[in-house]
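Residue strings, one per chain:
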Amino acid sequence: MNSGERIFDIRNIRVTFDTPDGPVKAVRGVDMHVNAGETVAVVGESGSGKSQIMMATMGLLASNGRAEGSVTYRGQELIGLPRERLNRIRGAKITMIFQEPMTSLDPLYTIERQISEPIMVHGGLSASAARKKALELLKLVHIPDPERRLKSYPHELSGGQRQRVMIAMALANDPDLLIADEPTTALDVTIQAEILRLLAELQKKLGMAILFITHDLRIVEAFASRVYVMQKGEVVEEGTTDDIFHRPTKAYTKMLLAAEPEGSKSPVSAGTPILLDANKVSVTFSSGGGFFSRSAFELKAVQDVTLTLRAGQTIGIVGESGSGKSTLGRAILQLLPSEGRVVYQGVPIQGLDRAGMRPYRRNLQMVFQDPYGSLSPRMTVGEIITEGLLVHEPTLSAREREEAAIKALEEVGLDPIMRNRFPHEFSGGQRQRIAIARAVVLKPTVIVLDEPTSALDRSVQKQIINLLRRLQESYGLSYIFISHDLAVVKALADYTIVMKTGRVVEQGPTEEVFRDPKSDYTRALMRAAFNLKEVLKRPTEAHA
Amino acid sequence: MTDIATNTPEVAAGAPVKGRSLWATAMMRLRRNKAAMASLVILVVYILAGLFGPMISPHHYATVYPDYVRVPASLEAYPREDEIVPQAENVLARTRLDINSIEVDGNTLRVEASSEREIDPRVTRYLDRSDIFSNARITETSADGRSVVMEADVERLRFIFGTDGNGRDLLARILISIRISLMIGALATGVALIIGVAWGATAGFLGGRVDNVMMRVVDILYALPFTFFAILLVVFFGRNVVLMFIAVGAVEWLDMARIVRGQTISLRRREFVQAAEALGVSSGGILRRHIIPNTLGPVIIYMTLLIPKVILLESFLSFLGLGVQEPLTSLGVLISEGARNMRSAPYMLLYPSIALTLLLFALNFLGDGLRDALDPKDR
């Protein structure tokens, strides 16, 4: 195969969606190409239209979308191609993997069936030949114990393994081009590194081209050779990875590059009063058991975690999904039944019921991860922000509450006029500001922030981090900051706790932990987060 | 500092831009659904007909016209013109006058008569004695008194849907039965709504053992045969429509409770409920402000589907003879009467059936339309 050959060519593609408010132009005339065997990244924030281009080329647009322009694969025009002829190319020569490994496999069928069915349909193989091929593919993507995995159902696999299965399915018909649409966004950093390493290795072995769509610049830098930067449906800048990262010419690219969280927080002095003291907190989840029987199954989500929060301090809790960090945050606030001893300003609050906790709730606030889920869709922003006041200051009049809402919205940098709108009219970043306003309006002393920036684009993330910093300075707030994102924790926290499977693996002042991590687990996390290029160069071993 | 710029992804994703609540969006989607909009119009017509129809209808639903039993539906007025004249001739024959002409002009009968002798003005009494003429009078008398022009009012009635076996106007009865059916539908659904939402939301929100006990109660009530329950009620409380349908509502809330409970359980795990808990909002407050408003979509859909169910149920009960009492009537009663007279008077079955079918279609289409409008993900 001639490696310089241009195999995939997108010319002046426009994607328009018909909405009740008139046509929305998601992509406005984009030119792109992929050469055989190369890795091209498309970078942009959410809504830049990067995924929609790929959907359009694969004929997967939503029913109200239209694509115009030209997409050619080895001289064959794809736009407007009848479904049957398109199917000969998509799924065979051009394949795609998606963001959500949890939902892109059918839960009712075994892995074997899911992999072998497309091979039988596209390649015309017999059932036994397809099975052999499926096994081969699972070995290719380094799934441990592939014979046994063939018989597994998707729910028996971890997220990383499922994404490997998806990749195996994409490779089944020896594609020329693999389109990867944020394939690692839903995965933990260490697993993300493994998947990327696998993709790089497979590319070397099979010689296919990869078109990688992502919002994460660190991945691009480590993984791609050429980059397209997209904004609002247009390509802002294109060039080699080296050029884009070291010699960006456009303001938007520069802004994206500068959006990495930066700065650090100096630790509070040892004499500062202790606000919150959690001693040997454990949380056990039990499931199963019916009306008449005791529970059948127990899961220790958090085990014996001790933590001391001083006034003005920010404790960062880091860990991968399933490490129990969010559970710990909720247990400290007594939102979950837990064991141990939690003391707030000298008062033990452990095990208090709803009514007993109420006086302390105003001081112990929480901001949740998902800005789309944490705001009730049927309440206006003003109502959402002032709900806490209804509970803690029932004497306030409606007018006073409204004034409080206006002040809180100004505090978080939103226009107070917006208080009569509903949450779905806001972007993710704005919603997270609203969630923060809801916490701040009560003038708390402690806020537990549960992954408040994880669902946001880097540039918005940076704004939220700055906002949190500003609020901490002006009100002397203390934060417990839960995140899987080491870069954000490094920027915001002065003390870091690393958790794994419900236990504390390592803790210490942020600066120390990041400079000289003691445990292997922390070191692996650091490598995957800050030194992806290095990780991708190492040979792959079979695990996920 | 504000990140208004990030609003663009919303636009690109095709989401509404501004100033539009969930309900407004749903309404907009509904408006494009022609069947649902037509149903809405029909429903409004029905409600108006149920409210004002019996007031403006020319006949009272309980008035009996013994002369016009099972008169077929027609636009013509009764008695017919060709029946009036022979009747008049018949009556006037006894006056022993020479009848020169008999004319029917709308609601008046005009008779010119003459005689050899002078005519006694009391001849009009002969006309008055007949059932169909009233207020007979002499309008003109010739100078010699030997010829007169008499006029009498003829009561002419229109029964455009015909009359039933007792001689009552079917249109008036259909109008009153629409009122009864809609009232019963609204009443029973209202009761089901209140009990079902409160029960389901409480069970789902509290969870655990409370939920278990509450839902087993629902299961037990489910197992009760409905017709048996209805007969028991009639035995104990007599035939009282309102009571009956409060009772029907008290049975129909079971489905509602299950739907709301399911919704509540999924809502309870949503972050905004946890956020409210973290704010210290009491259970009641969470239920009132967060859970119940968010279950409204499915609840409203179920409601539009429950109303026809209840109306049908009432028809069924009335058909069995357990429903409303004479002279009040309902669509079910009318249909059951119509079915008995199907051969002799098919219109007695036809019109009430059309009325019921239209109503049920309208409610069902509207329910479907609302479901699509409120839950676009399903499509």
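So, a few notes on the structure that sits alongside this text. (Residues numbered from 1 in each chain as written. Chains lettered and ligands numbered in written order. Predicted model: local features only at pLDDT ≥ 70, side-chain atom pairs only at ≥ 80, totals over all residues. Heavy atoms only, no water.)

It is worth spelling out the overall build of chain B at this point. When helices and strands are tallied, chain B shows 13 helices and 6 strands. Taking 2.2 N^0.38 as the reference for a compact globule, 379 residues should give roughly 21 Å; the C-alpha atoms of chain B span a radius of gyration of 31 Å, well beyond that estimate. For chain B, buried positions account for 47% of its 379 residues. Partitioning the intrachain contacts of chain B with sequence separation of at least 6 by distance along the chain shows that 71% fall at a separation of at least 24. (Helix = DSSP H or I, 4+ residues; strand = E, 2+ residues; numbered from the N terminus. Rg over C-alpha atoms; globule rule 2.2 N^0.38 Å. Buried < 20%, exposed > 50% of the residue type's maximum accessible area, 1.4 Å probe, protein only. Contact = heavy atoms within 4.5 Å.)

It is worth spelling out the sheet that holds strand β1 (residues 6-19) of chain A at this point. All names here are of chain A. The 4 strands are arranged β2-β1-β4-β5 in an open sheet whose pairing can be described as antiparallel. Two strands in the sheet have a free side with no partner beyond their single neighbour: β2 (22-35) and β5 (76-77). Bridging between β1 and β2 involves 11 bridges; their strand directions are antiparallel. Bridging across to β2, Ile 13 finds its partner in Val 30. Where helix α1 (residues 50-57) meets the sheet, it contacts β1, β2 and β4 (65-73), and its direction lies at approximately 105° from that of β1. (Pairing = 2+ DSSP bridges. Axes fitted to C-alpha atoms, helices over the stretch in contact; angles between N-to-C directions.)

Residue and element names in this part refer to chain A. Of all the 8 residues making up helix α11 (residues 325-332), 7 are buried; the element is thus mostly covered by neighbouring parts of the structure. Among the residues of α11, Lys 325, Thr 327, Leu 328, Gly 329, Arg 330, Ala 331 and Ile 332 are the ones counted as buried. Within two residues after α11, Gln 334 carries a phi angle of roughly 60°, on the positive side.

Let us now look at the environment of A:Ala41. All names here are of chain A. If you trace the backbone, Ala 41 turns up in strand β3 (residues 39-43). A relative accessible area of 0% places Ala 41 in the buried class. On a C-alpha basis, the gap between Ala 41 and Lys 25 in space is 22 Å, while along the polypeptide they are 16 residues apart. Residues within four places of Ala 41 in sequence aside, it is in contact with Phe 212, Val 220, Ala 224, Arg 226, Val 227 and Tyr 228.

The subject of this paragraph is empty space enclosed by the protein. Where empty space is left can be seen by rolling a probe of water-molecule size over the atoms. All names here are of chain A. Under the definition given, this model contains 3 cavities of 30 Å³ or more. Here the largest cavity is characterised by a volume of approximately 40 Å³. Taken together, Val 43, Gly 44, Glu 45, His 215, Leu 217, Leu 256, Asp 457 and Arg 458 make up the lining of the largest cavity. Taken together, the residues that form the lining of the largest cavity break down as 3 nonpolar, 2 polar and 3 charged. (1 Å grid on protein atoms, 1.4 Å probe; cavity = no way out; pocket = protein on both sides within 12 Å on 5 of 7 lines; lining within 4 Å. Points joined across faces, edges and corners; volume = space filled by probe spheres on them. Nonpolar A, V, L, I, M, F, W, Y, C, P; charged D, E, K, R; others polar.)

So, on to a negative patch on the surface. Residue and element names in this part refer to chain B. A grouping of Glu 81, Asp 82, Glu 103 and Asp 105 is seen on the molecular surface, where their side chains present a negatively charged patch. Of all the secondary-structure elements, those providing two or more residues to the negative patch are α4 (81-93) and β2 (98-105). By the element assignment, Glu 103 lies in strand β2. Among the residues examined, Glu 103 registers a relative accessible area of 41% and is labelled partly exposed. (Patch = residues over 30% accessible without salt bridge, like charges linked within 9 Å, V, L, I, M, F, W, Y side chains within 5 Å. Areas by Shrake-Rupley, 256 points an atom, 1.4 Å probe, with all protein chains shown as cover. Salt bridge = Lys/Arg side-chain N within 4 Å of Asp/Glu carboxyl O. Lys, Arg positive; Asp, Glu negative; His and termini not counted. Charge placed at Lys NZ, Arg CZ, Asp CG, Glu CD.)

Residue and element names in this part refer to chain B. Here Asp 164 lies in the loop between β6 (157-158) and α6 (170-206). The class for Asp 164 is buried, based on a relative accessible area of 1%. Within the local environment of Asp 164, its side chain forms a polar contact with the side chain of Arg 173, the two groups lying 3.4 Å apart. Once residues lying within four places of it in the same chain are set aside, the contact partners of Asp 164 are Val 69, Arg 70, Arg 173, Glu 337 and Met 348. (Polar contact = N/O pair within 3.5 Å; in protein donor to acceptor, adjacent residues only side chain to side chain.)

A:Ile115, A:Ile167, A:Ile385, A:Ile436 and B:Phe245 are the most contacted members of the largest nonpolar core, which has 131 residues in total. Here the element with the most residues in this core is helix α9 (residues 241-268) of chain B; it accounts for 10 residues. Beyond its immediate sequence surroundings of up to four residues, A:Ile115 is in contact with A:Ala134, A:Leu137, A:Leu138, A:Val165, A:Ala168 and A:Met169. (Core = buried A, V, L, I, M, F, W, Y, C linked by side-chain atoms within 4.5 Å.)

What follows covers α4(B). Residue and element names in this part refer to chain B. Given a rise of 1.5 Å per residue, 13 residues ought to cover 18 Å, and the 18 Å separating the end C-alpha atoms of α4 matches this to within 8%. Within α4, burial applies to Ile 84, Ala 88, Val 91 and Leu 92. For α4, the arc enclosing every buried residue in end-on projection is 90°, short of the 170-degree limit, so these residues lie on one face. Along α4, exposed side chains directed more than 90 degrees from the buried face belong to Asp 82, Asn 90 and Ala 93. (Expected span 1.5 Å × (residues − 1). Arc of directions from axis to C-beta.)

Once that is clear, we can look at the sheet that holds strand β17 (residues 446-450) of chain A. All names here are of chain A. Taken together, the 6 strands give an open sheet; going across it, the order is β16-β17-β18-β13-β19-β20, and neighbouring strands pair in mixed fashion. Strand pairing shows two members of the sheet lacking a second neighbour, β16 (364-367) and β20 (503-509), which therefore form its edges. Taken over all neighbouring pairs, the strand axes of this sheet differ in orientation by 15° on average, direction set aside. As paired strands, strand β13 (residues 314-318) and strand β19 (residues 495-500) are joined by 4 bridges and run parallel to one another. Along β19, the bridge assignment pairs Val 318 with Val 498.

Turning to the packing of α6(B) against helix α7 (residues 208-223) of chain B, a few remarks are in order. Residue and element names in this part refer to chain B. With their axes 7 Å apart at the nearest point, α6 and α7 run at an angle of 145° to one another. As α6 packs across α7, the resulting crossing turns out to be left-handed. Residues Trp 199, Thr 202, Ala 203, Gly 204 and Leu 206 of α6 form the contact with α7, whose own contacting residues are Gly 208, Val 210, Asp 211, Met 214, Met 215, Val 217 and Val 218. Counted by class, the contact of α6 with α7 contains 8 nonpolar, 3 polar and 1 charged residues. (Left-handed = near helix turned anticlockwise from the far one by under 90°.)

Moving on: the pairing of strand β5 (residues 147-154) of chain B. Within a regular strand, side chains alternate between the sheet's two faces. All names here are of chain B. Counting buried positions over the 8 residues of β5 gives 6, a clear majority of the element. Judged from the 7 bridges that link them, strand β3 (residues 108-114) and β5 form a sheet pairing that is antiparallel. Considered in β5, the bridge of Val 111 is made with Met 150. Looking at chain direction, strand β4 (residues 133-141) and β5 are connected through 6 bridges and run antiparallel. Following the sheet pairing, Phe 133 is matched in β5 by Val 154. Adjacent in sequence and paired antiparallel, β4 and β5 are bridged by 5 residues, among which Gly 145 carries a positive phi angle near 75°.

Turning our attention to the packing of aromatic side chains. For the structure on display, the rule yields 7 aromatic pairs over all chains. The interplanar angle of 10° and the centroid separation of 4.3 Å between the aromatic rings of B:Phe161 and B:Tyr351 together place this pair among those described as stacked. Pair noted here: B:Phe161 is in the loop between β6 and α6 and B:Tyr351 is in helix α13 (residues 347-374), with a separation of 190 residues, a long-range link. A residue is classified by how much of its surface remains accessible, and B:Phe161, at 23% relative accessible area, is partly exposed. Its guanidinium or amino end placed over the ring of A:Phe530, A:Lys490 lies 5.5 Å from that ring's centre, counting from NZ or CZ. (Phe/Tyr/Trp six-rings, centres within 6.5 Å; stacked < 30°, edge-to-face > 60°. Lys NZ or Arg CZ within 6 Å of the ring centre and 35° of its normal.)

All names here are of chain B. In contact at an axis separation of 11 Å, helix α8 (residues 226-237) and α9 are set at 150° when each is read in the N-to-C sense. When the axes of α8 and α9 are compared, the crossing they make is right-handed. Of the residues in α9, those touching α8 at Phe 226, Phe 229, Ala 230, Leu 233, Val 234 and Phe 237 are Leu 243, Met 244, Ala 247, Val 248 and Val 251. Of the residues assigned to the contact of α8 with α9, the class counts are 11 nonpolar, no polar and no charged.

This part takes up a nonpolar patch on the surface. Together, B:Val44, B:Ile47, B:Leu48, B:Leu51, B:Phe52, B:Met55 and B:Ile56 make up a nonpolar patch on the protein surface, roughly 710 Å² of accessible area in all. We classify B:Leu48 as partly exposed; its relative accessible area is 44%.

What follows is about the side chain of A:Glu320. All names here are of chain A. As for its position among the elements, Glu 320 is in the loop between β13 and α11. Of the polar contacts made by the side chain of Glu 320, one reaches the side chain of Thr 190; its length is 2.5 Å. When near neighbours in sequence (up to four residues on either side) are disregarded, Glu 320 contacts Asp 188, Val 189, Thr 190, Lys 325, Met 499, Tyr 521 and Leu 525.

For the rest of this paragraph, the subject is the pattern of salt bridges. Residues and elements named next belong to chain A. Summed over all chains, the structure comprises 38 salt bridges over all chains. Salt-bridge contacts for Lys 325 lead to Glu 451; the nearest nitrogen and oxygen are separated by 3.4 Å. Pair noted here: Lys 325 is in helix α11 and Glu 451 is in the loop between β17 and α16 (458-475), with a separation of 126 residues, a long-range link. For Lys 325, a relative accessible area of 6% puts it in the buried group. A salt bridge links Lys 518 to Asp 516, with the nearest nitrogen and oxygen atoms 3.4 Å apart.

Looking now at unusual backbone geometry. Residue and element names in this part refer to chain A. Backbone geometry places Asn 12, a non-glycine residue, at a positive phi of 45°. When you line up the elements, Asn 12 lands in strand β1. For Asn 12, a relative accessible area of 39% translates into the label partly exposed. One non-glycine residue, Asp 145, adopts positive backbone phi at about 55°. Residue class for Asp 145 comes out partly exposed when judged on its relative accessible area of 37%.

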